[in-house]
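A closer look at the structure
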Amino acid sequence: MNLDRADYLKRLLDRYCGLPHTAARRPSSNDRRLAGQLFDRGISLEDIETAFLLAIARRIYRQPEATPLTPIRSLAYFVPLLDEEVLLTHYDPGYIAYLRHKVERDLNVQIPTGGEDR
């Protein structure tokens, strides 16, 4: 599904603000600007959601004795993971579905997704 810029930004920012481990309940002006840059780069919402999921999973499955992490306060937190891993790796959809199920079960939350965008 091809989205126009406004729909893309709305969907991306709504999903970001709905993530567990984020402090943002409203996107900042920097988040809005970055979302626009991601649209301009042609980054799919599916790839961004994969970065969200991987980051949240890595945060919750850290060593229990590790120093607690502060909440995520910016969409920019996900860019290195997106650029250096998600866009360079073809993740099996079955693995992503498994990871989503595991995270949602263990956190007892639903990770925002856009299944209708795929």
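The coordinates are above.
Residues numbered from 1 in each chain as written. Predicted model: local features only at pLDDT ≥ 70, side-chain atom pairs only at ≥ 80, totals over all residues. Heavy atoms only, no water.

Observations regarding the overall build of the protein
Summing up its helical and strand segments, the protein has five helices and zero strands in all. Here the C-alpha radius of gyration of the protein, 14 Å, is about what a compact globule of 118 residues would show, namely 13 Å. Looking at the 118 residues of the protein, the share that counts as buried comes to 41%. Accessible area of the protein: about 7,000 Å², with a carbon and sulfur share of 51%. Computed over 17 positive and 17 negative side-chain charges, the separation of the two mean positions in the protein equals 6 Å. (Helix = DSSP H or I, 4+ residues; strand = E, 2+ residues; numbered from the N terminus. Rg over C-alpha atoms; globule rule 2.2 N^0.38 Å. Buried < 20%, exposed > 50% of the residue type's maximum accessible area, 1.4 Å probe, protein only. Areas by Shrake-Rupley, 256 points an atom, 1.4 Å probe, with all protein chains shown as cover. Lys, Arg positive; Asp, Glu negative; His and termini not counted. Charge placed at Lys NZ, Arg CZ, Asp CG, Glu CD.)

Quick notes on helix H3 (residues 45-60)
The end-to-end C-alpha distance of H3, which contains 16 residues, comes to 22 Å, matching closely the 22 Å that a straight helix rising 1.5 Å per residue would cover. Of all 16 residues in H3, 12 are buried, a share of seventy percent or more. Of all the residues in H3, the buried ones are Leu-45, Ile-48, Glu-49, Thr-50, Ala-51, Phe-52, Leu-53, Leu-54, Ala-55, Ile-56, Ala-57 and Arg-59. Looking at the packing, one finds that the buried side of H3 touches helix H1 (5-17), helix H2 (29-41), helix H4 (79-84) and helix H5 (93-107). (Expected span 1.5 Å × (residues − 1). Contact = heavy atoms within 4.5 Å.)

Structural notes on H2
Helix length check: H2 (13 residues) gives 18 Å between terminal C-alpha atoms against 18 Å at 1.5 Å per residue, within 8%. Looking only at H2, the buried set comprises Asp-31, Leu-34, Ala-35, Gly-36 and Leu-38. Directly after H2, the chain includes Gly-42, whose backbone phi takes a positive value near 80 degrees.

Here's the deal with the pattern of salt bridges
Per the stated rule, a full pass over the model turns up eight salt bridges. Of the charged contacts, one joins Asp-14 and Lys-10 as a salt bridge, the two residues approaching to 2.6 Å between their closest N and O atoms. Placement of the pair is Asp-14 and Lys-10 together in helix H1, with a separation of four residues, close to one helical turn. Residue Asp-14 is classed as partly exposed on the basis of its relative accessible area, which comes to 45%. A salt bridge links Asp-106 to Lys-102, with the nearest nitrogen and oxygen atoms 3.5 Å apart. Of this pair, Asp-106 and Lys-102 both sit in helix H5, four residues apart, roughly one helical turn. Using a relative accessible area of 38% as the deciding quantity, one classes Asp-106 as partly exposed. Taken together, the shared-partner salt bridges in this structure form one network comprising Lys-102, Arg-105 and Asp-106. (Salt bridge = Lys/Arg side-chain N within 4 Å of Asp/Glu carboxyl O.)

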